[in-house]
Amino acid sequence: MAPGLHLIGDLYGCRGDTRLMTDAATLEAFCKQAVADAGLTTVGSLFHSFGEGEGVTGAVVLAESHLALHTWPEDNYVTLDVYVCSYTNDNSAKAERLFDALMQAFQPADPHLHRVVRA
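Computed from a prediction, not measured in an experiment: that's the story for all the values here.

The rules behind the values
- Residues numbered from 1 in each chain as written.
- Predicted model: local features only at pLDDT ≥ 70, side-chain atom pairs only at ≥ 80, totals over all residues.
- Heavy atoms only, no water.
- Salt bridge = Lys/Arg side-chain N within 4 Å of Asp/Glu carboxyl O.
- Buried < 20%, exposed > 50% of the residue type's maximum accessible area, 1.4 Å probe, protein only.
- Helix = DSSP H or I, 4+ residues; strand = E, 2+ residues; numbered from the N terminus.
- Axes fitted to C-alpha atoms, helices over the stretch in contact; angles between N-to-C directions.
- Left-handed = near helix turned anticlockwise from the far one by under 90°.
- Contact = heavy atoms within 4.5 Å.
- Nonpolar A, V, L, I, M, F, W, Y, C, P; charged D, E, K, R; others polar.
- Disulfide = S-S within 2.5 Å.

Asker: Account for the pattern of salt bridges, naming residues and giving values.
Answerer: Inspection of every chain in the model, using the stated rule, returns 2 salt bridges. Salt-bridge contacts for Arg19 lead to Asp17; the nearest nitrogen and oxygen are separated by 2.6 Å. A relative accessible area of 33% places Asp17 in the partly exposed class. Across the pair Glu96 and Arg115 runs a salt bridge whose closest N-O atoms are separated by 1.9 Å. Taken together, the positions of Glu96 in helix H3 (residues 92-106) and Arg115 in strand S6 (residues 108-118) put the pair 19 residues apart, joining distant regions of the chain.

Next up, the structure:
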């Protein structure tokens with residue numbers, strides 16, 4: 001059994017840096033730095049742009065689990081998913097730090113957040 005914390009957000013009315021919504025390389029670099037700053041471990045990543053000025057889908061695979069997000073710049077909307085296992089030690093605070101960093105970057109006016117404790 002590997003309990004963990006799963007943080008999920010539907011972020012409406014995002015007012016942050018538009019490059020994070022439309023530029024895959026910028027979003028990937030930001031996410032990987034946020035992962036490191038939270039004290040988590042990146043083992044791989046893949047980010048895909050749907051075209052100039054369009055949305056981005058991205059995932060960072062963590063030694064502890066994953067970060068996934070999808071952007072819709074035309075609607076100022078982002079879906080955000082952070083799941084961090086706590087197999088050998090409690091990584092909940094690290095998951096919270098990562099999620100909070102992304103929330104601050106996207107600056108949603110109307111976030112709908114879910115917190116699931118996995119056991």
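Having put the structure on the table, let's press on.
Asker: I'd like a description of the packing of helix H2 (residues 24-37) against H3, backed by residues and values.
Answerer: The N-to-C vectors of H2 and H3 enclose an angle of 145°; their axes lie 9 Å apart at closest approach. The crossing of H2 and H3 is right-handed. On H3, the residues that touch Leu27, Phe30, Cys31, Ala34 and Val35 of H2 are Leu98, Ala101, Leu102, Ala105 and Phe106. When its residues are assigned to classes, the contact of H2 with H3 shows 10 nonpolar, no polar and no charged.

Asker: How would you summarise the state of the cysteines if you had to cite specific residues and measurements?
Answerer: Per the stated rule, a full pass over the model turns up 0 disulfides. Here Cys14 stays unpaired: no disulfide links it, and the sulfur of Cys31, its closest cysteine neighbor, is 13 Å away. With no disulfide of its own, Cys85 lies 19 Å from the sulfur of Cys31, the closest cysteine sulfur.

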